[in-house]
Amino acid sequence: MHSADRQKTGIVFNIQKFSINDGPGIRTAVFLKGCPLRCRWCSNPESQSVLPQVLHDAKKCIGCHHCAEVCPTHAVRVDDGGALHFAPNDACADCGRCVRECPAEALEVAGERKTVQQVLDVVLQDRPFYEESGGGITLSGGEMLLQHEFSLELLKAAKEEGLHTCCETTGFAAPEIFNALLPYLDSLLIDMKHADAEKHKAYTEVTNELCLQNLAHAIAIGKDVLPRIPIIPNFNNSKKDAAHMAETLHAIGAKRCQLLPFHQFGENKYALLGREYAYHDVDVMKKEQLEDAIQIFQLHNVEAFV
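What you are looking at is a predicted structure, and each value in this text was computed from that prediction instead of being measured.

*Asks:* Hey, could you run me through the side chain of N214 in this one?
*Replies:* Among the secondary structure elements, N214 is positioned in helix α8 (residues 209–220). Judged by its relative accessible area of 1%, N214 falls in the buried class. Within the structure, N214 has its side chain in polar contact with the backbone oxygen of G171 (distance 2.7 Å). Dropping the residues within four chain positions of it, N214 is found in contact with G171, A173, P175 and F178.

*Asks:* Help me out: how do you make sense of the packing of aromatic side chains in this one?
*Replies:* Geometry of an aromatic ring pair is reported as the spacing of the ring centres plus the angle between the planes. For the coordinates displayed, the defined rule picks out six aromatic pairs. Aromatic side chains W41 and F235 sit 5.0 Å apart centroid to centroid with 35 degrees between the ring planes, which places their arrangement in the tilted category. Linking W41 in the loop between β2 (27–32) and β3 (53–56) with F235 in the loop between β11 (224–231) and α9 (239–251), this pair joins segments that are 194 residues apart in sequence. Grouping residues by exposure puts W41 and F235 together as buried. Seen in terms of ring centroids, Y270 and Y277 are 4.8 Å apart; in terms of plane orientation they differ by 40 degrees. Their pairing is tilted. No difference in accessibility class separates Y270 from Y277, as the two residues are buried. Clustering of aromatic rings is evident, with ring pairs tying together W41, Y203 and F235.

*Asks:* Would you explain the nonpolar core in this entry?
*Replies:* In summary, soluble globular proteins display a tendency toward joint burial of nonpolar side chains. Ranked by size, the top nonpolar core spans 68 residues in total, and within it V30, L154, I229, L249, L259 and F297 carry the most contacts. Top element by residues in this core is helix α5 (residues 148–160). It accounts for six residues. Counting residues in each nonpolar core, the second largest holds 11 residues, with V54, C71, A106 and L107 among its members.

*Asks:* Honestly, helix α7 (residues 197–204) in this entry has me stumped. Any pointers?
*Replies:* It helps to recall that an α-helix has 3.6 residues per turn; residues three or four apart then point in one direction. Within α7, the full set of buried residues consists of A197, H200, Y203 and T204. Each buried residue of α7 lies within a common arc of 140 degrees when the element is viewed along its axis, so the set occupies one face. Contacts made by the buried residues of α7 are with α8. Of the residues that open α7, the one with a side-chain oxygen 3.2 Å from the backbone nitrogen of E198 is D196. Two residues or fewer after α7 comes E205, characterised by a positive phi angle close to 75 degrees.

*Asks:* What am I meant to see in the sheet that holds strand β12 (residues 256–261) here?
*Replies:* Pairing between sheet strands relies on hydrogen bonds along the backbone, with the strands arranged either parallel or antiparallel. Pairing within the open sheet is mixed, and its nine strands lie in the order β7-β1-β2-β8-β9-β10-β11-β12-β13. Whereas interior strands pair on both sides, the edge strands pair on one side only; in this sheet they are β7 (112–115) and β13 (303–305). Within the sheet, the average angular offset between the axes of one strand and its neighbour, ignoring direction, is 30 degrees. Where strand β9 (residues 164–169) meets strand β10 (residues 187–191), four bridges bridge the pair, whose relative direction is parallel. Within β10, the residue paired with E168 across the bridge is L189. Contacts from helix α11 (residues 291–299) reach β11, β12 and β13, with the element oriented near 165 degrees to β12.

*Asks:* It is not clear to me how the pattern of salt bridges should be interpreted in this structure. Could you clarify?
*Replies:* Side chains that differ in sign of charge can pair as their charged atoms come close. All told, the structure shown has 12 salt bridges when counted by the stated rule. For R97, the salt bridge identified is with E101, shortest N-O distance 2.9 Å. One end of the pair, R97, and the other, E101, are both in helix α2 (residues 97–101), four residues apart, so they sit about a helical turn from each other. K159 is paired through a salt bridge with D186; the nearest N and O atoms lie 2.7 Å apart. Residue K159 is located in helix α5, and its partner D186 is located in the loop between α6 (175–181) and β10; the two are separated by 27 residues in the primary sequence. With relative accessibility at 26%, the residue K159 sits in the partly exposed group. Given a relative accessible area of 29%, D186 falls into the partly exposed group. Here the salt bridges do not stand alone but share partners, grouping R6, R127, E160 and E161 into one network.

*Asks:* Help me out: how do you make sense of the environment of L185 in this one?
*Replies:* Here L185 shows up in the loop between α6 and β10. Overall, L185 belongs to the buried group, its relative accessible area being 2%. Considering only alpha carbons, one finds L185 and D224, 39 residues apart in sequence, at a separation of 8.9 Å. Among residues more than four places away in sequence, those in contact with L185 are M144, L155, T165, C166, C167 and K223.

Criteria and thresholds
Residues numbered from 1 in each chain as written. Predicted model: local features only at pLDDT ≥ 70, side-chain atom pairs only at ≥ 80, totals over all residues. Heavy atoms only, no water. Helix = DSSP H or I, 4+ residues; strand = E, 2+ residues; numbered from the N terminus. Buried < 20%, exposed > 50% of the residue type's maximum accessible area, 1.4 Å probe, protein only. Polar contact = N/O pair within 3.5 Å; in protein donor to acceptor, adjacent residues only side chain to side chain. Contact = heavy atoms within 4.5 Å. Phe/Tyr/Trp six-rings, centres within 6.5 Å; stacked < 30°, edge-to-face > 60°. Core = buried A, V, L, I, M, F, W, Y, C linked by side-chain atoms within 4.5 Å. Arc of directions from axis to C-beta. Pairing = 2+ DSSP bridges. Axes fitted to C-alpha atoms, helices over the stretch in contact; angles between N-to-C directions. Salt bridge = Lys/Arg side-chain N within 4 Å of Asp/Glu carboxyl O.

Quick look at the structure:
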């Protein structure tokens, strides 16, 4: 096995300790910036761009416009009505001055460049918990396959340290990229948004062929794979949708899957980014609402659970 390049850098927007829903045991989840999908219901909109972003809390802002005054690249501007606007990411110098000098602490940066070793130093702090629970490190996002070179080196380094490795992924990447990471992954949590390619594209802006191809390959070679399906109102929550997804999973050899009821945990983040949230008036789903879907999956010999 090749030694990991521990000075390789990537953009990380969160490192979450004591995660119990991101793979087996107690884990540390590393969230990487960047995703090729644009799911309308995305709960981490700050993860979509691969570059760091400034989040602006209008409720805290006192309107002093100091952030615009100190920005060296004029990436922050004030319109004629006094409202702040943050320019596209490539205009930002990523210096953090606006965040540091905001008197109301109304700004924060989502995303920071870190080396593999810097991430691993945090992850290894909880090694005793992994050993006791069968946990480890999980790469998430965003889409960790978008920063595949950094993800590969981080997984290699984790295996060198004897850690159990897992990922949360859409599987949307060229097969050669996906396959390069597989030897260093013990478990995979792979999203399935929809079985229908056109509907998948309409709600995520990409089709699902690569996702299903990579999911099928991981199952075929005997990897520990758990498909996970977010159940979204007016997208994939009908009985017909459930049957189509169950048939597809059964055909590629999946024995079980997890259903994730729609929630609105990320709604506030859209406001911080100055974006509209498409699902603000859609009710969250309760576990009981997925009983029919669970039965449909079971009819197709796929064990479904929430």
